[in-house]
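So the chains spell out like this:
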Amino acid sequence: HTHICNVKSIHRVLELGDARMLEAIRISLLDVRGEVRKLGFQLLKYHYKAGRDGGVDVDSLKQSVLECVTDGDPMVVFVTIEAIPALFEQGNRMAIMALVRCLRHEAPSVREAATRVLGEFAVRGDLRAIGYIVPLIAHEMAYVRYASIIALMNLGMPGDPTVLEPIIQKIHDPEIFVRREAVTALQHLSVRGNERCVLALLSCMEDADERIRVAAMTGLSVVANPGEPRAVAALVKKLRLDTRPMRKLSVECLACLIKENDYVNLEFLMVSLEDTEHIVRQAGVQAIIKVVRRGDDVVLTNMMETRCQHTDKKIRAAAMQVVQEICLPGDQRIVGGMLLAL
């Protein structure tokens, strides 16, 4: 207690980064009492950067920090892990090996913290760090699996099967938050046209949790090739059967997969103009405008002869909004047709 009071008193009196304060912190990190070591880490975040910037030698302090990863108190190890990114340059091998040792710690909270920090601290593409993390994706604790997926997402290179395959195995994890993170990771790590990732995302389109269906739909719009028939069919199914927000999202995702002259699939976007909900119709309007080139006679003719003549004024309004945006200036045929529709 006396030691803690003395260290706190020094902290109040000395300026940030004072060499004497850093020495007091170093001594505290080596103390036999866990509460003293935890206090040292609490003060470390205030003084370390200022001391380093002020020219104080901090190498001995770094060494003391690394020694704490073998501490018997899990909370001390936990705060040690949290302190490492602030003390060492990203990718420092000694710090990485210290984090790797913590991956095998008996306390799940320590393993989770080590996994998370290692994913942030190692540099992208570090195969050794990836190799240490991959086995943890099958850990019995859900939040360790969750942290390992995030770490692989941070470290993996796009299209690297070393990280993609373990993540694909977790898209049907029992825990919703683990599944959702796995689907999100596929979106970030896959390259367009990756067959394994496309199949994995398609299998998530019927997940019971809407947030995972949203992540899968968004992922398909990024991963699948333009016009991919399975992806288009899955999105069209959502456009017809799912909730209002999901129908809107399916329209937006379809717009990312349909090419300019793909009139077969463009018809699915045009069908969205007939949706009962305004936000879905407006999403359809914006999607068609995004995909279709100005003056496209096929689309203009289709609109003028069908939906601009629809009995429902809301559908007519959406169709005329599309025509107004994609027609060429001065097209008298379009002007006459719109006047007739009115």
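Everything in this summary refers to the structure shown in the same document.

The rules we used
Residues numbered from 1 in each chain as written. Predicted model: local features only at pLDDT ≥ 70, side-chain atom pairs only at ≥ 80, totals over all residues. Heavy atoms only, no water. Helix = DSSP H or I, 4+ residues; strand = E, 2+ residues; numbered from the N terminus. Buried < 20%, exposed > 50% of the residue type's maximum accessible area, 1.4 Å probe, protein only. Contact = heavy atoms within 4.5 Å. Areas by Shrake-Rupley, 256 points an atom, 1.4 Å probe, with all protein chains shown as cover. Salt bridge = Lys/Arg side-chain N within 4 Å of Asp/Glu carboxyl O. Polar contact = N/O pair within 3.5 Å; in protein donor to acceptor, adjacent residues only side chain to side chain. Expected span 1.5 Å × (residues − 1). Core = buried A, V, L, I, M, F, W, Y, C linked by side-chain atoms within 4.5 Å. Axes fitted to C-alpha atoms, helices over the stretch in contact; angles between N-to-C directions. Parallel < 35°, antiparallel > 145°, perpendicular 65-115°, else oblique. Left-handed = near helix turned anticlockwise from the far one by under 90°. Nonpolar A, V, L, I, M, F, W, Y, C, P; charged D, E, K, R; others polar.

It is worth spelling out the overall build of the chain at this point. Looking only at helices and strands, the chain features 20 helices and 0 strands. Classification of the 342 residues of the chain by burial places 50% in the buried group. Here the analysis covers contacts within the chain between residues at least 6 apart in sequence; of these, 67% occur between residues at least 24 apart. When the accessible surface of the chain is totalled, it reaches about 16100 Å², and 55% of it is carbon and sulfur.

What follows covers the pattern of salt bridges. If you walk through the whole model with that rule in mind, you get 18 salt bridges. Of the charged contacts in the structure, one is a salt bridge between D173 and K170, with a shortest N-O distance of 3.6 Å. Here D173 matches K170 in class, with each residue buried. Among the ionic contacts, a cluster of salt bridges with common partners joins R145, K170 and D173.

With that settled, the discussion passes to the side chain of S250. For S250, the location among the structural elements is in helix α15 (residues 244-257). A relative accessible area of 0% means that S250 is categorised as buried. Side-chain polar atoms of S250 contact the backbone oxygen of R247, separated by 2.6 Å. Apart from the residues lying within four places of it in its own chain, the contact partners of S250 are M217, L235, K238 and L239.

With 14 residues, α15 should reach 20 Å at 1.5 Å per residue; the first-to-last C-alpha distance of 20 Å fits that figure. Where α15 is concerned, the buried positions are M246, R247, L249, S250, V251, C253, L254, A255 and L257. The elements touched by buried residues of α15 are α13 (210-223), α14 (229-241), α16 (263-271) and α17 (278-291).

Attention now moves to the environment of V264. Position of V264 among the secondary structure elements: in helix α16. Judged by relative accessible area, V264 falls into the exposed class, the value being 64%. Taking the C-alpha atoms as reference points, V264 and G227, separated by 37 residues in sequence, lie 9.8 Å from one another.

Here the focus is the environment of V232. With respect to the helices, strands and loops of the structure, V232 is situated in helix α14. Taking C-alpha positions, V232 is 6.7 Å from L254, a pair spaced 22 residues apart along the chain. Setting aside anything within four residues of it in sequence, one finds V232 in contact with G227, L254, N265 and F268.

So, on to the nonpolar core. Nonpolar side chains in soluble globular proteins tend to be buried together. Counting 98 residues, the largest nonpolar core has I81, L118, L186, L269 and M303 as its most contacted members. Once residues lying within four places of it in the same chain are set aside, the contact partners of M303 are M270, L273, I288, C308, A319, V322 and V323.

Contact geometry for helix α12 (residues 195-203) and α13: axes closest at 9 Å, N-to-C directions at 155 degrees. Here α13 runs roughly antiparallel to α12, going by the angle between their axes. α12 and α13 meet at a crossing whose hand is left-handed. Side by side, α12 and α13 meet where C197, V198, L201 and L202 of the first sit next to A216, G219, L220 and V223 of the second. In terms of residue class, the contact of α12 with α13 is made up of 7 nonpolar, 1 polar and no charged.

Let's shift gears to the packing of helix α5 (residues 74-87) against helix α6 (residues 93-102). Orientation of α5 relative to α6, taken along the N-to-C sense of each, is 150 degrees, at an axis distance of 11 Å. In terms of orientation, α5 and α6 fall into the roughly antiparallel class. α5 and α6 meet at a crossing whose hand is left-handed. Two secondary-structure elements touch here, α5 through V77, I81 and I84 and α6 through A95, A98, L99 and C102. Class assignment for the residues of the contact of α5 with α6 results in 7 nonpolar, no polar and no charged.

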